[in-house]
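The primary structure of each chain is shown beneath.
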Amino acid sequence: PWGLEATPLEQLAIDETMRELKVPRPMNPIGIGWAGPTLMVAGTEEQQQQWLPGMLDGSELWCQLFSEPGAGSDLASLQTRAVRDGDEYVVNGQKAWTTLAHIARWGILLARTDPEAEPHRGVTYFVLDMQTPGIEVRPLMQMTGTHEFNEVFFTDVRVPVANVIGAENDGWRLAKVTLGNERVSLSGEGALWGRGPTAGDVVDLVRTHGGTNDPVLRQQIARLYIESEILRLIRLRTVSARLKGLEPGPEASVRKAMSDEHGQHVMSAAMDLAGPYGLLSDHGPYGELDGGSWHYGYLYSRALTIGGGTSEVQRNILGERVL
């Protein structure tokens, strides 16, 4: 048994209470939001016992090794190879845009195990120990001045057969589970993929400072509020589907496409409110919302409509699977 064995409704109540009380929780977004749900769906009892505790307490960070220089939006064309050699696979290839790879202990890896099969049918899902010999991580510097993202190179990296999740060549099915949960996780309450200020914070800030008589600014703030309410209602829809035992569906793509653009709108409004302070990376005019994070967030928000599946890809999914 895991933890309290709480029902989904009880988990929601616990989450809301912790959020209201501002209880700090482990920062392990890819472990808890991506890898964990996939292990719950397809991992063995031994795999769950091995990896879930460190994931949940934040002692072992995780990263996602899916995208490649030639396989981003068209992920099924990935070329990283894993060749079976006794009780191990030997992995060679390259991954890109790997968030937290420079500090992660574990990674979820997609690699091609049957090059003769159709693209979607020859892929296997692995858990990779990032301390394995043959792994090189190189930073990809962002215009924020930081590098959450990295490129990763594999040279004869050996992965135990015991680290395969599900069955060989069945990795694409599990990748869809991960990507569905990723879209849910990346469309959380904060403007920056579940982090940072919300539209409500910006509205409260304007109220605190006496409101505004500027009709253009007032309309901009009203738009943020309307978008956030729509996203909240779509989130409730997603939650109700989960309560019925359903996996994240196309509605996750609706919410992610909307929330990414909403995040950019929130950060643009914050920068407008900051005025000339918005040019400074280490100082802001309002203590209520760390002004420095607005500068960072505005620059970072450019990534929102790209990472985790571009807005164009989300709309393709909706066109093919909903409309």
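Preceding block: the structure.
What this report covers is the structure whose coordinates are included nearby. These numbers were taken from a predicted model, which means no experiment stands behind them. (Residues numbered from 1 in each chain as written. Predicted model: local features only at pLDDT ≥ 70, side-chain atom pairs only at ≥ 80, totals over all residues. Heavy atoms only, no water.)

1. So, the packing of helix α1 (residues 8–20) against helix α6 (residues 215–243)
Test applied: Lines fitted to C-alpha atoms define the axes here, with helix axes fitted over just the stretch in contact, and angles between the N-to-C directions of these axes take values from 0 to 180 degrees. By the criteria applied, helices consist of DSSP H or I runs no shorter than four residues and strands consist of E runs no shorter than two, each listed in order from the N terminus. We call two residues in contact when some of their heavy atoms are within 4.5 Å. Only Asp, Glu, Lys and Arg are considered charged, only Ala, Val, Leu, Ile, Met, Phe, Trp, Tyr, Cys and Pro nonpolar, and every remaining residue, Gly among them, polar.
Between α1 and α6, whose axes approach to 9 Å, the crossing angle comes to 140°. Residues Pro8, Leu9, Leu12, Asp15 and Glu16 of α1 form the contact with α6, whose participating residues are Arg235, Val239 and Leu243. By residue class, the composition of the contact of α1 with α6 is five nonpolar, no polar and three charged.

2. Topic: a nonpolar patch on the surface
Stated precisely, the cut-off is as follows: Like-charged residues within 9 Å of one another, or nonpolar side chains (Val, Leu, Ile, Met, Phe, Trp, Tyr) within 5 Å, are grouped into patches, provided each residue has over 30% relative accessible area and no salt bridge. All accessible areas in this document rest on Shrake-Rupley with a 1.4 Å probe, and a residue is counted as covered only by the protein chains that are shown. For this analysis, a salt bridge means a side-chain nitrogen from Lys or Arg found within 4 Å of a carboxyl oxygen belonging to Asp or Glu.
Nonpolar side chains collect at one region of the surface, where Tyr225, Ile226 and Ile230 lie side by side and expose about 300 Å² of accessible area between them. Tracing the sequence through the fold places isoleucine 226 in helix α6.

3. So, the pattern of salt bridges
One side chain can pair with another of opposite charge once the charged atoms of both are near each other. Where we set the bar: Buried means the residue's accessible area, taken with a 1.4 Å probe over protein chains only, is under 20% of the maximum for its type, while exposed means over 50%, and partly exposed covers the values in between.
As enumerated under the stated definition, the model contains 14 salt bridges in all. A salt bridge links aspartate 85 to arginine 158; its shortest N-O distance comes to 3.0 Å. Placement of the pair is aspartate 85 in strand β2 (residues 81–85) and arginine 158 in strand β7 (residues 150–160), with a sequence separation of 73 residues. The partly exposed category is assigned to arginine 158, whose relative accessible area is 37%. As a salt-bridge pair, arginine 232 and glutamate 229 come within 3.1 Å of each other at their nearest N and O atoms.

4. Considering the nonpolar core
What counts, and what does not: Only buried residues count toward a nonpolar core. Its members are Ala, Val, Leu, Ile, Met, Phe, Trp, Tyr and Cys residues joined through side-chain atoms within 4.5 Å.
Core analysis: the biggest nonpolar cluster contains 25 residues, and Trp62, Phe66, Leu110 and Ile165 have the highest contact counts within it. Contributions of two or more residues to this core are made by α2 (29–42), α3 (45–56), β4 (106–112), β5 (123–129) and α4 (171–185). With five residues, α2 is the single largest residue contributor to this core. Contact partners of isoleucine 165, with chain neighbours within four places excluded, come to Leu39, Ala42, Gly43, Gln47, Trp51, Tyr125, Val127 and Leu174. Ala191, Leu217, Ala270 and Met271 belong to the second-largest nonpolar core, a separate cluster that totals 23 residues.

5. Here's the deal with the side chain of histidine 295
Relative to the helices and strands, histidine 295 is located in helix α8 (residues 291–300). For histidine 295, a relative accessible area of 18% corresponds to the buried category.

6. Here's the deal with the packing of α2 against α3
Where we set the bar: Angles below 35 degrees are treated as roughly parallel, those above 145 as roughly antiparallel, those between 65 and 115 as roughly perpendicular, and all remaining angles as oblique. Take the far helix as the reference: if the near one is turned anticlockwise from it by less than a right angle, the crossing is left-handed, and if turned clockwise, right-handed.
Closest axis-to-axis distance for the α2/α3 pair is 10 Å, and the angle between their directions is 160°. With respect to each other, α2 and α3 are oriented roughly antiparallel. Along this stretch, α2 crosses α3, giving a crossing that reads as left-handed. Contacts from Gly31, Ile32, Ala35, Gly36, Leu39 and Met40 in α2 reach Gln48, Trp51, Leu52, Met55 and Leu56 in α3. Of the residues belonging to the contact of α2 with α3, the class tally is eight nonpolar, three polar and no charged.

7. Remarks on the pairing of β4
Inclusion rule: At least two DSSP bridges between two strands are needed for those strands to be called paired.
With seven of seven residues buried, β4 lies mostly within the body of the structure. Burial of β4 is two-sided: the residues Trp106, Ile108, Leu110 and Arg112 facing one way and the residues Gly107, Leu109 and Ala111 facing the other way are all buried. Inspection of the sheet shows strand β1 (residues 62–65) paired to β4 by four bridges, in the parallel sense. In the strand pairing of β4, leucine 65 is matched with leucine 109. The pairing of β4 with β5 spans seven bridges and is antiparallel.

8. Concerning unusual backbone geometry
In this structure, leucine 100 takes a positive phi of about 70° despite not being glycine. Exposure remark for leucine 100: the relative accessible area of 15% places this residue in the buried category. Backbone geometry at asparagine 169 places phi at a positive 70°, although glycine is not the residue there. Summarising the element assignment, asparagine 169 is placed in the loop between β8 (164–165) and α4. For asparagine 169, a relative accessible area of 24% corresponds to the partly exposed category.

9. Describing α3
Inclusion rule: Expected span, for any helix, means 1.5 Å times one less than how many residues it has.
With twelve residues, α3 extends 16 Å from end C-alpha to end C-alpha; this agrees with the ideal 16 Å at 1.5 Å per step. Along α3, the positions that sit buried rather than exposed are Gln47, Gln48, Trp51, Leu52, Gly54 and Met55. On its buried side, α3 packs onto α2, β1, β4, β5 and β8. Positive backbone phi, at 80°, marks glycine 58, one or two positions downstream of α3.

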